[in-house]
Structures are given as C-alpha cells and as structure tokens.
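# Tertiary structure, described
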Amino acid sequence: MKKPELLATAADFDELKGVIEAGADAVHIGGEKYALRTPGRFSMEEIRTAAAYTREKGAKLYVAVNSLMHNEDLDGLPAYLSELGEAGVDAIVFSDPAVLMTARAEIPEIPLHFSTEITTTNVATINYWASRGASRADLARELNMEEIIETKEQANLEIQVQVHGIMCMFHSKRDLVTNYLTHRGEDRDRDTSLERRLFIREEKREDYKYPIYEDDHGTHIMSAEDVCMIDHLSELLDAGIDSLKVDGLMKSADYQINVVKAYREAIDLYLENPVDYEQQASELRQQLEAMQPDGRPLTTGFFFKEQIF
Amino acid sequence: MSSTITVPDKKIVRPRLEKPELLAPAGNLEKLKCAVHYGADAVYIGGQQYGLRANADNFSFEEMEEGVRFAHERGAKVFVATNIIAHNEDLPGVHDYYRTLQDIGIDAVIVADPALIQACREAAPDLEVHLSTQTSTANWQAVKFWKEEGVSRIVLAREVSLEEIRQIKEHVDVELEVFIHGAMCISYSGRCVLSNHFTARDSNRGGCCQSCRWKYDLFEEGPDEDALQANVGKREIPLFNEQDDPFTMSSKDLSMIRHIPDIVDLGVESFKIEGRMKSIHYVATVVKVYRQAIDAYCEDPDNYELKPEWIEELKKSGHRSATSGFFYGKPGHEDQLFHEAEEHAQYEFAGLVVDYDEQTGIATVQQRNHFKPGQEVEFFGPDYTFVQTIDTIWDEDGNELDAARHPLQLVRMKVDRPVRPRDMMRKESV
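Since we're looking at a predicted model, the values are computed, not measured. (Residues numbered from 1 in each chain as written. Chains lettered and ligands numbered in written order. Predicted model: local features only at pLDDT ≥ 70, side-chain atom pairs only at ≥ 80, totals over all residues. Heavy atoms only, no water.)

### A word on the overall build of chain B
- Scanning chain B for helices and strands turns up ten helices and 22 strands.
- When the 430 residues of chain B are sorted by exposure, 60% land in the buried category.
- Here the analysis covers contacts within chain B between residues at least 6 apart in sequence; of these, 70% occur between residues at least 24 apart.
- By element, 46% of the accessible surface of chain B is carried by carbon and sulfur atoms, the whole surface being about 17900 Å².
- Distance between charge centroids for chain B: 2 Å, based on 48 positive and 74 negative side chains. (Helix = DSSP H or I, 4+ residues; strand = E, 2+ residues; numbered from the N terminus. Buried < 20%, exposed > 50% of the residue type's maximum accessible area, 1.4 Å probe, protein only. Contact = heavy atoms within 4.5 Å. Areas by Shrake-Rupley, 256 points an atom, 1.4 Å probe, with all protein chains shown as cover. Lys, Arg positive; Asp, Glu negative; His and termini not counted. Charge placed at Lys NZ, Arg CZ, Asp CG, Glu CD.)

Right under this line is the structure:
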C-alpha cells in the first residue's frame, strides 16, 4: 500500500522542527503576505531557513499564497513568488487564478497545490485545475468520504485531505468584529486578532463556541469542533489519498506535535498491520480526546454527513 | 473526459454599449415579462437544475422558450444561472442541459464552476459564458485568466471598489458586470459553510439558510484553566451587556441609485439587480427606477439630478436600509444591520392590469391582494404613476362587487388615465 504524506502546519521554526521530529513528512506554513489562516507568519529569511532545514531532513515545505487577491496585491506578487522559488520551497498553495498565472511565468518548476479556499467540490473541476498546472488539490472540507474516495479514483493529480484540526467556516473581507464593537460604542480594547481568543455562540446552540478573528484578509469564523479522523484512516489510506493534513491553527505547539506523533503512529500501524490498527484506533482517539482544549469536542466534520439543498 | 477547454476563435461582436445593460432577476415567467415590460435589457432566470436558488419556482424548458420569445421580441436577452459549485453527482446530464439551453435560444449562462464552463463550451459553443460572482473575482489578472479561458463576461466580486473596477477595465478588454441593487452575502460569496454546518443545507448548491443573519453572542476566552482554579465560572467574558444588540453579520442591502453617474462612468457593460426570490412588485419597481435614472443620466449627463421620487418609489416595494457596499471602500458598522427590523414595504401589490378598453376607460385587473371601492390606490407603469380612488368594481359577468376578495379574480373598474396590460396597481400597506 502507498504511504501517504503526513502534512502539518507550523507557526514558527521551532514548531516546524518539532512536527518534523514527530514524524511529519511535510510542513505547511504562511509567509508575511498572502497567506490565509496559517498559524504563524514566516519572514522570507525564516522561509529560507525552514526550506534548508526541511530539505536536510528529507521533508517538504509548502508555502500558502492562497488569499483572494485584489489589484494592489498583484504588484509584489511576481517578486514574492520568485523569492519563494529561490528559497527552494517545494510547493506553492494557491486559490486565486492570478497566483497560478504568475507562478507559471515566474517559477514554472515549483509545484502548485490548490487550496480549499478555491471551493472545488467535483472531479471534473479538480482535473480542470490539473490541466492548468496544479499538481495537488486540497479538497473542500464539505465533501463526504464517499465523494473523497470517488474523487481520488478519478483525479489526475494528488489529493490532500485534512484529517485533524480546526476548519474555516466563513470568510468575509469585512471587519465584522470591529464593526460590532464600534456599533456598541467601544472605542478601546480593539484587539480582534487570533491571539485575543474571541468566539461567538449561536442562540440555540449554547454548547458550541465558534472562534472568530480578524486579520488583514478580513474576518474568519472557525469550527467549534476539531475534525479528528485518527480512527477512520483505513478508508482514506485504502483509497490512496496522497496527503493527510493536520491543521494546528489556534493550538499550542505541544498540542500540534503530539497530534502529529499520534497520526504518525496510526498511519505506520495501519500500513504494517491493519488488524492492530483497528484494535488500537479507539485508544488513539481517546488519547487525542484527552488533549482537547476545554469545550472543543472532536468531530468527523462533513466526512459522514449528507448535505441537502 | 478531456480536461482541456477548447476556446473557439470567436470574437465578441457586440459593440460596447453606451448605456450599460440593466439586468433584472426573474424568478418565474410572470416576473420575466414584468421585468422586460418595466425596462430591463436582460433578465436572468434559473432552470430546474444547477442554479443557486433551490427554493425559487424556477423555469421549465417550455417556460424558458416562452420567456425567450417574449424577451427577444422586445429586444431583451435571457441569461440562465447555472452557478452552483457542483459535486460529482451533479455532473451527469450537464452537457445535455447546456445543449437544450442553446437550442431554446438562451443568450448566456452564468457559471461559477470550471467543470460547468468546460461542459458548456463543449456542448453549446454558441452559448456565451458569464463568470458568476461566486468565484469572487476581484483582480485584473484573474479577470484576464478567465477571459483567456473563453468566458465572455465577468461578474465581479462584490468586494471591489470603483477604483479597482476602473483598473480592471484598463487592464483587460472583456465585458464586466456589477451588482448595483439588492441583498448580498456578507462573506466572500461562496466562502461560507455556516448553512451547511448548522442545517446540512449546502449554500453553494442553492440551500443557503442565511445563518449569517442569525443572532450570536460575542465572548472573549478567559485566562487559562490553571490560572482559574479558584475562580471557576469566569472563563468566558461576554463582550456585550444585557441590553445590547446581539452580534450579527447582516449586511444592509446594496443600492446605488444615489450614485448613478459614478457607476455609469465606469464603463462596465452590465448593471445587475439581485433578487430572483423577490416579488413581481419589487422587480417592477426597482427596474422602473433604475431604467429612468440610467436613461436620464445617459441622455443628459451634465444636467442629471437624482430625483427624490426614485428613492420614494424604491421604498414602496420594500427594502432593507441601503448601503453602497464596497464601491467607496470597505464597509463599516453603519453598513450592517444590528437591530432594526427589516423595513416593510410601504405599499402592497393589489392588482395586475390584464386589459384596458380605451373607449370606456375601463381596465380589467387581476386581483393580487384585497381591495374595494372607496380605497385609494396607485397605478404605475414603466413611465407613469397616478393615484385614484376606486369607484365601482364589477366581476367578469358585470355583477357589482363590494370587494375584490379572491386571488387572481378578474375585476373591472374605471381608471382615471389610460393603462396598459402588465401595469400594476398597488395600495398603501396598513
């Protein structure tokens, strides 16, 4: 059976080293510009260091350039992508066609992964982006297991699936928290960043806390639960999914490293002996459950949900 | 299936319009006719499949044929929205669907998903493809990308400003369309799964339940657990007081009626009104107002003035309070709805004129809401409005009625001035 890549996010260089040590085959990071919802922002200098380090360790480094672009963002884009190319990163993660066009011109040798932000939910569209130069699809979170497996069977490019962590549910260009605070007449205390740890609660769902934050890309609302597929890996591995992603946004480095360790163990276990894996899967899940921050349940997200419309 | 789009060597032959096209929503055949009657240059409709308004009543192929015939006879165009983000199960049959639309004579389809663009180019090369706002296209390079993919018009993201639109126009020669009136997503269009999450209804396939407009409470997470051992219960800090408005993400509705010169001067090809779910009365009123404003400005830009009656007219059909969206910069708190109840229409649609006898001055009106003799009503057509008191009313057989009680009942009455079929009668809401 094919061994899938275990991909993890990292907020900074220390966490990057930590997740690689814990068994990640590849690391997803954001730079100072153009990155959506990455746990940290690496300077170009740090990206160069990270690229050299991952290369030395036989791991890969992917850099998110996946924001929705406006005209003014285009000015610095060619130079930024060239610098990433020179730094030796292993892939660019994009969602705006402007990045695809610029990357094809500036750094044709660097693989292009398309981000879930591009909202692609069928095989024909995935293969369309493949024909335009993408080599990997990070699948939309709202796909279910059946669709994921079918997609993998028919796709002409690598398929990446998020198996653990927080998911984005809503992205607006507007500053919705600032607007609310202003409406309330507050003129101080306006930290609305990720670090402030703000959340919203819907009237009828008292148990769920949806993190919300603002950055220069607008407002992001995140899932109240963390997806966790550690006890459902067999289906994904049997299907031959190419990359399994652990997203550490809003988590400590310790948490992220431990989660990566658990997935490393689970994947290796399944590949060596599926029966052992099945026996230990629920134990692995319990391990992760014990690590969960208060009030953040684990979930299987959209994997086993039917959507209607 | 081949994954290459074949781009036919087809130049857009239509000369650039001096006046922008006024593009109106049409949720059904009646709304289509009414939008064209009140002055829309084009309408967009939904078919039984692939559209984003699963709950609108949507067109059968037969209704599309009739709609196309009606519109084309009056020099108007018909576009079909097929702007879902498709899942695998949605794709079989899509080639046939586009072929049928082309055969029916549809002028263009609105598409968001590249798989559908591709299917349309393959199956129906004569059908123009307009890229939906669901792709959130907000920069000139992305516009150029889609043009090179064979798309003939881009409906820009609602997040672009006047200045950005100008820059896009300078960089790329392709038709552009912008929304000028109606409700809008407060998220980047399509970048939201709140509805999917809360109700399992897929907003990108037409099931949106508008969870953004629900009420929420905003909190701040308190200090870490360890620091709080002794102080349980204070872990979350509410960022609101009891009497405060709840946190919500409801945008005021876009309305550019006060800014006609600014948007016409952009030189974009099409102005779009949102609202396939809106009433026939709403569509008629909004189209009429923008038709008059655009015509007035284009005919005599130097002496153009915003007419107060246009604003009054828009209020009659019901609308949330208005915002100019992103046209003049990023919207702030004053562009959101936090507490005000949705503004109710000042007027109700009471009847649709189906016939008028010049000799007798008697109109036949199809009842759409209760009315009776002695009541004051307003008749309005594309180019007039007048108020009158209803005198005697009769049913079809000439029997006098004390009120028009039954929906769709045909009622005869004397009107003070000439009216035409498809003109409307409305009354003040109580």
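### Notes on the sheet that holds strand S9 (residues 236-238) of chain B
- Spatially, six strands are ordered S8(A)-S11(A)-S10(A)-S9(A)-S8(B)-S9(B) in an open sheet, and the strand pairing comes out antiparallel. Each end of this open sheet is capped by a strand with a single partner; those strands are strand S8 (168-172) of chain A together with S9 of chain B. The average undirected angle you get between the axes of adjacent strands in this sheet is 30°.
- Its contacts with the sheet place helix H8 (residues 176-183) of chain A against S8, strand S9 (198-202), strand S10 (210-215) and strand S11 (218-222) of chain A together with strand S8 (216-221) of chain B, and it is angled at close to 95° to S10 of chain A. (Pairing = 2+ DSSP bridges. Axes fitted to C-alpha atoms, helices over the stretch in contact; angles between N-to-C directions.)

### Comments concerning the side chain of Glu149 of chain B
- Within the secondary structure, Glu149 of chain B sits in the loop between helix H5 (140-148) and strand S6 (153-155).
- At 2.7 Å, the side chain of Glu149 of chain B forms a polar contact with the side chain of Arg132 of chain A. (Polar contact = N/O pair within 3.5 Å; in protein donor to acceptor, adjacent residues only side chain to side chain.)

### Digging into the pattern of salt bridges
- Here the structure, examined in full by the defined rule, presents 49 salt bridges over all chains.
- Between Asp242 of chain A and Lys152 of chain A there is a salt bridge, with its nearest N and O atoms 2.8 Å apart. Of this pair, Asp242 of chain A sits in the loop between helix H9 (233-239) and strand S13 (243-247) while Lys152 of chain A sits in helix H7 (residues 145-154), placing them 90 residues apart in sequence. No difference in accessibility class separates Asp242 of chain A from Lys152 of chain A, as the two residues are buried.
- The shortest N-O distance in the salt bridge between Glu186 of chain A and Arg184 of chain A comes to 3.0 Å.
- The network of salt bridges with shared partners includes Lys19, Asp41, Arg291, Asp295 and Glu299 of chain B. (Salt bridge = Lys/Arg side-chain N within 4 Å of Asp/Glu carboxyl O.)

### Some points on empty space enclosed by the protein
All names here are of chain A.
- One pass over the full model with this rule turns up five cavities of 30 Å³ or more.
- In this structure, the largest cavity occupies an estimated 380 Å³ of space.
- In terms of lining, the largest cavity is formed by 30 residues, of which the most central are Arg37, Thr116, Glu117, Arg141 and Cys168.
- Of all the secondary-structure elements, those providing two or more residues to the lining of the largest cavity are S8 and S13.
- At four residues, S8 tops the list of elements feeding residues into the lining of the largest cavity.
- Grouping the constituent residues of the lining of the largest cavity by class yields twelve nonpolar, ten polar and eight charged.
- For the second largest cavity, the calculated volume is near 180 Å³. (1 Å grid on protein atoms, 1.4 Å probe; cavity = no way out; pocket = protein on both sides within 12 Å on 5 of 7 lines; lining within 4 Å. Points joined across faces, edges and corners; volume = space filled by probe spheres on them. Nonpolar A, V, L, I, M, F, W, Y, C, P; charged D, E, K, R; others polar.)

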